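Inside the fold
Each chain, written out:
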Amino acid sequence: MTEFSRRGVIGGSAALAGGLAMLAGQASAQTASEPPTAAQTGAPASAPFPSFRFPLGSITAQKQYPGGWGKEVNAENFPPSESFAGVLMELKPGGLRELHWHANAAEWAYVIDGACRITVIDPGGGSETLDLTAGDVWFFPRGHGHSIEGLGPSGTTFVLVFDNGAFSEFATFSITDWLAHTPVEVLAKNLGVPVSTFAAFPKKEAYISLGAPPGATPWPPAPGSLDTPPLTHGYHLLGQQPRRYPGGTVRLVSQKEFPISASMTGALITLEPGALREMHWHPNADEWQLYLAGTGQMTVFGSAGRASTDRFGKLDVGYVPRGCGHYIENVGDDELQVLLVLNSGTYEEISLTQWLASNPKPLLANNFSVPEATFESIPEGEVFITG
Ligand code: MN
Ligand code: MN
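Described below are features of the structure shown in this document. (Residues numbered from 1 in each chain as written. Chains lettered and ligands numbered in written order. Predicted model: local features only at pLDDT ≥ 70, side-chain atom pairs only at ≥ 80, totals over all residues. Heavy atoms only, no water.)

With distances of 2.0 to 2.2 Å, the protein atoms coordinating the manganese ion (ligand 1) are His100 (NE2), His102 (NE2), Glu107 (OE) and His146 (NE2). Of note, the manganese ion (ligand 1) draws all its donor residues from one chain, in the sequence arrangement H-x1-H-x4-E-x38-H. Of the two residues, histidine 100 is situated in strand S5 (residues 95-101) and histidine 146 in strand S9 (residues 145-150); the sequence distance between them amounts to 46 residues. Comparing histidine 100 with histidine 146 shows no difference in burial state: the two are buried. (Donors = N, O, S within 2.8 Å, 3.2 Å for Na, K, Ca; no water. Helix = DSSP H or I, 4+ residues; strand = E, 2+ residues; numbered from the N terminus. Buried < 20%, exposed > 50% of the residue type's maximum accessible area, 1.4 Å probe, protein only.)

Taken as a whole, this structure holds 4 salt bridges when the rule is applied. For the salt bridge of aspartate 131 with arginine 117, the shortest nitrogen-to-oxygen distance reads 2.6 Å. Within this pair, whereas aspartate 131 is found in strand S7 (residues 127-133), its partner arginine 117 is found in strand S6 (residues 107-121), the two being separated by 14 residues in sequence. Aspartate 131 sits in the partly exposed class, given a relative accessible area of 37%. For arginine 117, a relative accessible area of 7% corresponds to the buried category. (Salt bridge = Lys/Arg side-chain N within 4 Å of Asp/Glu carboxyl O.)

Bringing empty space enclosed by the protein into the picture now. Empty space among the atoms becomes visible once a probe the size of a water molecule is rolled across them. Taken as a whole, this structure holds 1 cavity of 30 Å³ or more when the rule is applied. By volume, the largest cavity is sized at about 40 Å³. Lining of the largest cavity is provided by Ile269, Arg277, His280, His282, Glu287, His326, Ile328, Leu340 and Tyr347. For the lining of the largest cavity, the residue count by class is 4 nonpolar, 3 polar and 2 charged. (1 Å grid on protein atoms, 1.4 Å probe; cavity = no way out; pocket = protein on both sides within 12 Å on 5 of 7 lines; lining within 4 Å. Points joined across faces, edges and corners; volume = space filled by probe spheres on them. Nonpolar A, V, L, I, M, F, W, Y, C, P; charged D, E, K, R; others polar.)

Take the side chain of arginine 251 next. You can see arginine 251 is positioned in strand S15 (residues 248-253). As a buried residue without a salt bridge, arginine 251 has its nearest oppositely charged side chain in glutamate 335, at a separation of 7.9 Å. Setting aside its immediate chain neighbours within four residues, arginine 251 contacts Leu237, Leu238, Gln240, Pro242, Gly266, Ala267 and Leu268. (Lys, Arg positive; Asp, Glu negative; His and termini not counted. Contact = heavy atoms within 4.5 Å.)

Glancing now at the packing of aromatic side chains. All chains considered together, the criterion is met by 16 aromatic pairs. Here the aromatic rings of phenylalanine 54 and phenylalanine 78 are separated by 5.6 Å at their centres, their planes lie at 40 degrees, and the arrangement is tilted. Of this pair, phenylalanine 54 sits in strand S1 (residues 53-54) while phenylalanine 78 sits in the loop between strand S3 (68-73) and strand S4 (85-91), placing them 24 residues apart in sequence. Under the relative-accessibility criterion, phenylalanine 78 is labelled buried at 3%. The ring of tyrosine 207 has lysine 63 sitting right over it, with the charged end atom 5.0 Å from the ring centre. Across from the ring centre of tyrosine 207, 3.8 Å away, lies the NZ or CZ of arginine 97, which sits over that ring. (Phe/Tyr/Trp six-rings, centres within 6.5 Å; stacked < 30°, edge-to-face > 60°. Lys NZ or Arg CZ within 6 Å of the ring centre and 35° of its normal.)

Structure (structure tokens):
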């Protein structure tokens, strides 16, 4: 299964709620307002299985500057997150996340609020400047040099997602740091200017600077002013027509929709109150999540009787190791919005409904030691989201 499928969307929801709760033997019987107990999830109390929630929204920013702030989650403060690091960042109008690059991770980002301008150079010398607003995504392959500016009137808030748990946004290759650690004679020779040019340059990393908010980019650009890269670094995710299911929607951006995003896939999922993002796993990728709105509950199944359930609110981070079964429920009164990022450019999943539907009913009857009739009304294919 490498594609979303709408098979099975019509019908089967009621049967799913009843029949699969029994089949799953997991936490489906719990009420929406009470997290399941260890006994309900089948997890021995002593099972060494961690929480997969990190409260990124409520921790203190580790980097604060007049132009903005950033706070980070990675494997250091959230050990389950072996394959991802995330950063929540805010830039004021004129706040500049300075020119930099990353040596050990690609950067996938989603604009949560406001507007920003990204400027990026690729190894072919192609450069691109894009103004992005809430709901937009950017992707910088590992090593592409870039900067981010907060635009007026309100600046911007965004999340950065890096495909390496050992990564730190606060140990990146910044242009001020590099130049401050290069003899001015070398800089003068390199740039063909007097040594005195560098007298007032920063003596250490600027990280986020603050200046006048940038003006509008000229349009159309001056003739001869562009050296456009072959693949754009920006994608309008919220502008995408969503796939609609009973109980929710999904917008997906993999390499297929966004060709430069060769190593990461993102998705924006909405669930109505009570809706379920069905039980599934990803054969080819770990999953990093940022809960954007509403109240969700996710259970991660880790084999050998291990399962972990957490409740997620706004700006909480979730994580699902590759191959672990999981599902998400909206347990609040408002729409649940979850941003997902997977560390593969190809989206793959196997869902419980799809898997069961692909097996003969006598085989299922044997597997669960129940009559074949038990499976008469289960969905005939993938459900994805059900109300
Ligand atoms: Mn960056
Ligand atoms: Mn998933």
